[in-house]
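Next come the chains, spelled out residue by residue.
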Amino acid sequence: MWEAQIRHALAEVGERIDRALVRAGRAEGVQVIGITKGHPTEVVQAALQVGLRALGENRVQELEQKVAEVGRDAAEWHMVGHLQRNKARSATATSDWIHSLDSLRLGRTLDREASRAGQPIRALLQVNTSGEASKGGFEPETAVQALAELSELGSLEIHGLMTMAPWTDDEAVLRTTFRRTRELLERCEQELPGALRGRELSMGMSNDFEIAVEEGATMVRLGTVLFGEREQR
Ligand SMILES: *Cc1c(COP(=O)(O)O)cnc(C)c1O
């Protein structure tokens, strides 16, 4: 039952992404990350069955639980939510990607844990390009300097930027947030050549992913549009 629903949703999302790519004149693909938070393990297993291998959670505890249930190597695991430093060890052990690197101290801790584990960790700098005080992440003015410091660390690989757009259906506000993130990535590349290991832009959720793709997203983090509404938590 879950498989059919997810297969259908994934096909529809794929078509919407393709149309957004065409509108933007972009040729490259976009990686869909299925955000399974708030859904049971059966949903994770069904997602894997239909070929969605990149899966994400926003809490370490739920990530640990799902990794334990389906296997560390069964999926490519993405940690997308705010990460406390005392969870850094677990996060580096269970994640292939950390999208929510939002402070220098967290970056140094992740580097130390990854070094201890003997396995570099891939991360994205979370940036606050929405202008909202409540949003986490580096302010755009400090992001380049943060990248300069963090890119010196031997076990932390920064592959790009991540942003969270404001909760709004105002297309202009969403577009501005995403465009600023892309421009910031370009600035990082110009001012610090070689500091970034990739040019990933993790932006776009169920309500705004088409706009994000038009503005250059390479990873979209999708929960509701793939798996339906979550239980209230
Ligand atoms: C929950 C969550 C998502 C997915 O949200 P949907 O609106 O259900 O697609 C994406 N990114 C982060 C950081 C999240 O916490």
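Sequence order as written defines residue numbering, which begins from 1 separately in each chain. Confidence filtering applies because this is a predicted model: local features only for residues at pLDDT of at least 70, side-chain atom pairs given and counted only at 80 or more, and all residues used for totals across whole chains, interfaces and linings. Excluding hydrogens and water, the side-chain values take into account all heavy atoms of the structure.

So, on to the nonpolar core. The nonpolar core is taken to be a set of buried Ala, Val, Leu, Ile, Met, Phe, Trp, Tyr and Cys residues, with the residues joined through side-chain atoms within 4.5 Å. Only protein chains enter the accessibility calculation, which uses a 1.4 Å probe; a residue whose area is less than 20% of its type maximum is buried, one above 50% is exposed, and one in between is partly exposed. Among the nonpolar cores identified, the biggest contains 63 residues, and Ile 17, Val 32, Leu 101, Leu 110, Val 220 and Leu 226 are the most heavily contacted of them. Take this core: its biggest share by element is seven residues, from helix α1 (residues 2–24). Counting eight residues, the second largest nonpolar core, distinct from the first, contains Ile 33, Val 80, Trp 97 and Met 219. Helical segments are the DSSP runs of H or I of at least four residues, strand segments are the runs of E of at least two, and each set is numbered from the N terminus.

Right, let's get into the site of the ligand. A single heavy atom is enough: if one lies within 4 Å of a molecule or strand, its residue is considered near that molecule or strand. Around the ligand lies a shell formed by Ile 35, Lys 37, Asn 58, Val 80, Met 164, Met 205, Ser 206, Arg 221, Leu 222, Gly 223, Thr 224 and Arg 230. What qualifies as a polar contact is a pair of N or O atoms within 3.5 Å, subject to a donor-acceptor requirement within protein and to the restriction that residues adjacent in sequence count only when both atoms come from side chains. A distance of 2.5 Å separates an oxygen atom of the ligand from a polar atom in the side chain of Ser 206. In this structure, Thr 224 approaches the ligand through a side-chain N or O atom, which is 2.5 Å from an oxygen atom. Reported accessibility uses the Shrake-Rupley method at a 1.4 Å probe radius. Residues are deemed covered only where the shown protein chains occlude them. Compared with its free state, where it exposes 390 Å², the ligand has 94% of that area covered by protein. Each residue is assigned to one of three groups, with Ala, Val, Leu, Ile, Met, Phe, Trp, Tyr, Cys and Pro labelled nonpolar, Asp, Glu, Lys and Arg labelled charged, and all others, Gly among them, labelled polar. Each residue belonging to the shell around the ligand can be placed in one class, and the counts come to five nonpolar, four polar and three charged.

The next point concerns the environment of Ala 143. Secondary-structure assignment places Ala 143 in helix α6 (residues 140–150). Under the relative-accessibility criterion, Ala 143 is labelled buried at 0%. Taking the C-alpha atoms as reference points, Ala 143 and Val 127, 16 residues apart in sequence, are found 7.1 Å from one another. Residue contacts are defined here by distance: any two heavy atoms, one from each residue, within 4.5 Å place the two residues in contact. If near-sequence neighbours (up to four positions away) are discounted, Ala 143 is found in contact with Leu 125, Val 127, Phe 138 and Leu 184.

When the charged atoms of two side chains with opposite charge come close together, those side chains can pair. Salt bridge, as applied in this entry: a Lys or Arg side-chain nitrogen positioned within 4 Å of an Asp or Glu carboxyl oxygen. Applying the stated criterion to the full structure yields 19 salt bridges. For Glu 113, the salt bridge identified is with Arg 89, shortest N-O distance 2.8 Å. Of this pair, Glu 113 sits in helix α5 (residues 104–117) while Arg 89 sits in helix α4 (residues 88–94), and the two are 24 residues apart along the sequence. On the basis of relative accessible area, Glu 113 is assigned to the buried category, the value being 10%.

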